Amino acid sequence: MLNSKPIGGETPDAEIVLSIIIPSYNTRDLVADCLRTIYQNPAHEPYEIILIEDGSSDGTGEMVRSAFPEVRVLRNDTHLHYAYSNNVALDHALGRYVLLLNPDTLVLPGALDAMVTFLREHADAGAVGCKLLNEDGTIQWSVKSLPNPAAAIFGARSILTKWFPNNRFSRQHLLHIGRDMTQPFVAGLVSGAAKMMPRSIIKEVGYLDDQFFYHIDADYCKRIADAGYKCYYLPTAEIIHLNHRGGTMTTLLERFRSLTMFEIGSYRYYRKHIQTRWWSPMQIVVVLGLSFHFLALASAQVFAELRGIARAAFHAKKPAGA
């Protein structure tokens, strides 16, 4: 029987198969759209939705309680960011499987059931990610190798990859390129925008590392691999991801702060998973490499911002009807 609405309440009568966790920071309208698509394309088995408000001030919680009363709403009094918020919600999740879902997503038909079925049928799976689509239907670069030095040159943020996305070096890091997109395959990491895991894996591996701002996905998938499990990409399950549409990337300051936090996260990942000794000369090389990488990205961002300002000024001066 189709469960068009999630099970509400702290002690549901039926066993919950799937817990969907959605963190929100001032994303009221995005959350409403996301929840509507879940209600329209629900899991066939009993499921719950947990919304964790991360210090929002836009009335998201009030809207959800009114329009989606079955959704369980939790709240952080201050903005504590993605990993911490998800960890708070994980303490309350009751499902056999847990889906971490960004608020700027739209769930498409069959996606939830496909991911649950995949995990149920693959005992070696520690996590499964779906195909993430841009709003125009193109595929997002959401399945990758784990971070390594070559990814700085040929990864998703690389200028070379943006100019020549089908080169053989980038294909080693952006794993969907050239793949049979009708079959699942093992990945280094899958995006946390829509990542499902058995709750037993979470108990074994632990919660998200809230010391990371970026590389949370990479860190967690590396820990899953270290525990002896695999992260899979399931391209037949599809979810639209309106990437960075809300909340944290809307101002110039936040966009440049994001570049800084990316490099800090890269260094933290390096020290946690690659260079675990207290000291090595490679640390100097890594710091210099990350510094140059930041300068390249910051220069590209400055150019993009100036181009945006120039375009806005041109359209402002353009006569009406021209």
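Presented here is a report on the structure given in the accompanying data block. (Residues numbered from 1 in each chain as written. Predicted model: local features only at pLDDT ≥ 70, side-chain atom pairs only at ≥ 80, totals over all residues. Heavy atoms only, no water.)

Turning next to the overall build of the protein. Of the regular secondary structure elements, the protein holds 11 helices and 11 strands. Taking contacts inside the protein between residues at least 6 apart in sequence as the whole, the part at least 24 apart equals 76%. Carbon and sulfur atoms make up 58% of the accessible area of the protein, which amounts to about 15,900 Å² in all. (Helix = DSSP H or I, 4+ residues; strand = E, 2+ residues; numbered from the N terminus. Contact = heavy atoms within 4.5 Å. Areas by Shrake-Rupley, 256 points an atom, 1.4 Å probe, with all protein chains shown as cover.)

Overall, the coordinates contain 3 aromatic pairs when judged by the stated rule. Between the aromatic rings of Tyr39 and Phe68, the centroid separation amounts to 5.3 Å while the plane-to-plane angle is 70°, which identifies the pairing as edge-to-face. With Tyr39 in helix α1 (residues 28–40) and Phe68 in the loop between α2 (60–67) and β3 (72–76), this residue pair connects regions lying 29 residues apart in the sequence. We classify Tyr39 as buried; its relative accessible area is 16%. By relative accessible area, which is 6% here, Phe68 ends up buried. Consider the rings of Phe118 and Tyr232, whose centres lie 5.0 Å apart with planes at 65°: the pair is edge-to-face. In this pair, Phe118 is assigned in helix α4 (residues 111–121) and Tyr232 in strand β11 (residues 230–241), connecting sequence segments 114 residues apart. One exposure class covers both Phe118 and Tyr232, and it is buried. (Phe/Tyr/Trp six-rings, centres within 6.5 Å; stacked < 30°, edge-to-face > 60°. Buried < 20%, exposed > 50% of the residue type's maximum accessible area, 1.4 Å probe, protein only.)

Within the secondary structure, Ser142 sits in the loop between β6 (125–133) and β7 (143–144). Look at Ser142 and you get buried, because its relative accessible area is 6%. In this structure the C-alpha to C-alpha distance between Ser142 and Gly192, which are 50 residues apart in sequence, comes to 8.9 Å.

Attention now moves to the pattern of salt bridges. Tallied over the entire structure, the rule returns 11 salt bridges. The salt bridge involving Arg75 is made with Glu53; its shortest N-O contact spans 3.6 Å. Here Glu53 lies in strand β2 (residues 47–54) and Arg75 lies in strand β3, a separation of 22 residues in the sequence. For Glu53, a relative accessible area of 3% corresponds to the buried category. Between Lys230 and Asp124 there is a salt bridge, with the nearest N and O atoms lying 3.6 Å from each other. (Salt bridge = Lys/Arg side-chain N within 4 Å of Asp/Glu carboxyl O.)

Before going further, it helps to spend a moment on the pairing of strand β1 (residues 18–24). For β1, a buried count of 7 out of 7 residues is recorded, marking the element as mostly surrounded by other parts of the structure. Side chains Leu18, Ile20, Ile22 and Ser24 of β1 all project onto a buried face; the interleaved residues Ser19, Ile21 and Pro23 project onto the opposite face, where all are buried too. Here β1 pairs with β2 via 7 bridges, running parallel. Directly across from Pro23, in β2, lies its bridge partner Ile52. Read as a crossover between parallel neighbours, the route from β1 over α1 to β2 is right-handed. As paired strands, β1 and strand β4 (residues 97–101) are joined by 4 bridges and run parallel to one another. Within β4, the residue paired with Leu18 across the bridge is Tyr97. (Pairing = 2+ DSSP bridges. Right-handed = clockwise from strand over helix to strand, strands pointing away.)

Phi at Asn26 is positive, roughly 55°, even though this residue is not glycine. Tracing the chain through its elements places Asn26 in the loop between β1 and α1. The phi torsion at His81 lies on the positive side, around 80°, for a residue other than glycine. Note on placement: His81 falls in the loop between β3 and α3 (82–90).

To continue, consider the pairing of β6. The buried fraction of β6 amounts to 9 of the 9 residues, a majority that puts the element mostly inside the structure. In this structure, β6 lies alongside strand β10 (residues 194–198), joined through 2 bridges in antiparallel fashion. Note that in β10 the partner of Gly129 across the bridge is Lys195.

With 40 residues, the main nonpolar core has Leu18, Ile20, Ile38 and Leu101 as its most contacted residues. If we skip the residues at most four places from it in the chain, Leu101 touches Ile20, Ile21, Ile22, Pro23, Cys34, Ile38, Val107, Ala193, Ala194 and Ile239. One finds Val98, Leu175, Cys221 and Tyr233 within the second-largest nonpolar core, a separate group that totals 31 residues. (Core = buried A, V, L, I, M, F, W, Y, C linked by side-chain atoms within 4.5 Å.)

What follows is about the packing of α1 against α2. Packing of α1 against α2 brings their axes to within 9 Å, and their N-to-C directions diverge by 30°. One element, α1, and the other, α2, form an angle in the roughly parallel class. Like other packed secondary-structure pairs, α1 and α2 cross with a definite hand, here right-handed. From α1, Arg28, Val31, Ala32 and Leu35 reach across to α2, where they touch Thr60, Met63 and Val64. The residue inventory of the contact of α1 with α2, partitioned by class, reads 5 nonpolar, 1 polar and 1 charged. (Axes fitted to C-alpha atoms, helices over the stretch in contact; angles between N-to-C directions. Parallel < 35°, antiparallel > 145°, perpendicular 65-115°, else oblique. Left-handed = near helix turned anticlockwise from the far one by under 90°. Nonpolar A, V, L, I, M, F, W, Y, C, P; charged D, E, K, R; others polar.)

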